[in-house]
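Chain residues, written in single-letter form:
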Amino acid sequence: MILSSFRYKTSGWELSDMSDLKQTNLLVGKNASGKTRTINALRSVTSFMQMKHSGPVKESSFRTTLSFSNPEDENWSMEYTFEIADNKVVFEQLNVCGTTLLKRNAKCGVLKGEPVEPPLEKLTVQVRRDRSAYPEIETLMEWAESVIVISCSNLNPFTSISGVPDIVNPLSLSDIVENLSSPEIKKIIKLANGLGYDIQHIDIQSLSDLKFIYVKEKYVREIIPSLYLSSGMLRVLYLLCFLEYMKHEKKYRLLLIDDLGEGLDYKRATLLGKIVFKECQNEHIQLVSSSNDPFLMDVVDISNWQILRRNKTKIRALNEDNNKELFNLFRMTGLSNFDLFSSDFIDNFLSKASK
């Protein structure tokens, strides 16, 4: 199953509805429109479901709705809503194919016709996991456990060191590389060469309880520890290694990438973007990435865009499914993808439509 829509509301911020999500998605929008906040909200919700209450967003009160679809069965659907107030569950509901399987308030609830009274600080889906009795709950929770986020703007030299905790990017580069085979490393080096990095070797060194990544470049005699790599090269290397790692791990269903293409030039941003989108599509891993990189926008078809627009504290997403006329008219202009985001085309269209 894949996430088809996401709603989230907390004090002072609301994503009213990011719907019609596809296998691969690119969040775009002006600065402070809510791209990173949306990525973090998704992380926060799934972390709460996993009972890992940490991360860049830690709200004590919020309401969220996650809707899912099955690309192989158009008649199947799932919707899960829960609300937290002061770290206590005050509402929870699970609907599958139009049938309510779970409904709960702050005091009690009903699960498949049976009364339930889970602890106030826990979701019913957390405490009633049983693959045989409640397969729908297990499906939902397995999805939540399969979500991972990579923040390109927060990747730093310490992200590469095993043993250094990082709540934003939980997997260190050294841990990832350590689990890759020699053929996989060779493939990563070939891709990095195609992106303009003259890497010949990637390896691991240990120092006490810490493990470091180092690379050897073609025209440089000394090895280069990851601590001394440029931020752009570190981001590219991390993403290439992770994409290869996720193939054989087979446990990820939703990959969230914030600031994809951050700090890269035209060639590297476009090629890396194509690699990321292609690999996720081929591996059937849903991708939700954010970027304001004009190079990347021009190589990702606007049919995969979610354009976030902010009105005070409320965010809404425009896409080809909920605004077909807007996207069709823009295609007829012959302008570049980036112009849809950067020009006043959307404002003019919406202004005329409201009259």
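Up top you'll find the structure we're talking about.
About the thresholds
- Residues numbered from 1 in each chain as written.
- Predicted model: local features only at pLDDT ≥ 70, side-chain atom pairs only at ≥ 80, totals over all residues.
- Heavy atoms only, no water.
- Phe/Tyr/Trp six-rings, centres within 6.5 Å; stacked < 30°, edge-to-face > 60°.
- Helix = DSSP H or I, 4+ residues; strand = E, 2+ residues; numbered from the N terminus.
- Buried < 20%, exposed > 50% of the residue type's maximum accessible area, 1.4 Å probe, protein only.
- Lys NZ or Arg CZ within 6 Å of the ring centre and 35° of its normal.
- Axes fitted to C-alpha atoms, helices over the stretch in contact; angles between N-to-C directions.
- Left-handed = near helix turned anticlockwise from the far one by under 90°.
- Contact = heavy atoms within 4.5 Å.
- Nonpolar A, V, L, I, M, F, W, Y, C, P; charged D, E, K, R; others polar.
- Pairing = 2+ DSSP bridges.

1. A short note on the packing of aromatic side chains
Taken as a whole and judged by the stated rule, the model has 12 aromatic pairs. Ring geometry for Phe242 and Tyr245: centres 6.2 Å apart, planes at 45°, overall tilted. Of this pair, Phe242 and Tyr245 both sit in helix 6 (residues 231-249), separated by 3 residues, roughly a single helical turn. When the centroid spacing of 5.5 Å and the interplanar angle of 50° are considered together, the rings of Phe242 and Tyr252 count as tilted. Here Phe242, found in helix 6, pairs with Tyr252, found in the loop between helix 6 and strand 14 (254-258); they are 10 residues apart in sequence, far enough to count as distant. Relative accessible area serves as the criterion here: at 1%, Phe242 is assigned to the buried category. Joined through ring pairs, the aromatic side chains of Phe6, Tyr8, Trp13, Phe48, Phe62, Tyr80 and Phe82 make up one cluster. One residue, Arg37, lies across the ring of Trp13, its end atom 4.8 Å from the ring centre.

2. Focus: the packing of helix 5 (residues 182-194) against helix 6
Here helix 5 crosses helix 6 at 145°, and the two axes come no closer than 10 Å. As for the relative orientation of helix 5 and helix 6, their crossing is right-handed in sense. Packed against helix 5, whose contacting residues are Glu184, Lys187, Ile188, Leu191 and Ala192, the element helix 6 presents Leu237, Leu240, Cys241, Glu244, Lys247 and His248 at the interface. Residue composition of the contact of helix 5 with helix 6, grouped by class: 6 nonpolar, 1 polar and 4 charged.

3. A word on the pairing of strand 15 (residues 286-290)
Counting buried positions along strand 15 gives 5 out of 5 residues, so the element sits mostly inside the fold. Across the two faces of strand 15 the burial is the same, with Gln286, Val288 and Ser290 and Leu287 and Ser289 all buried. Of the strand pairs in this sheet, strand 14 and strand 15 are connected by 4 bridges, and their pairing is parallel. Within the sheet, the bridge partner assigned to Ile257 lies in strand 15 and is Ser289.

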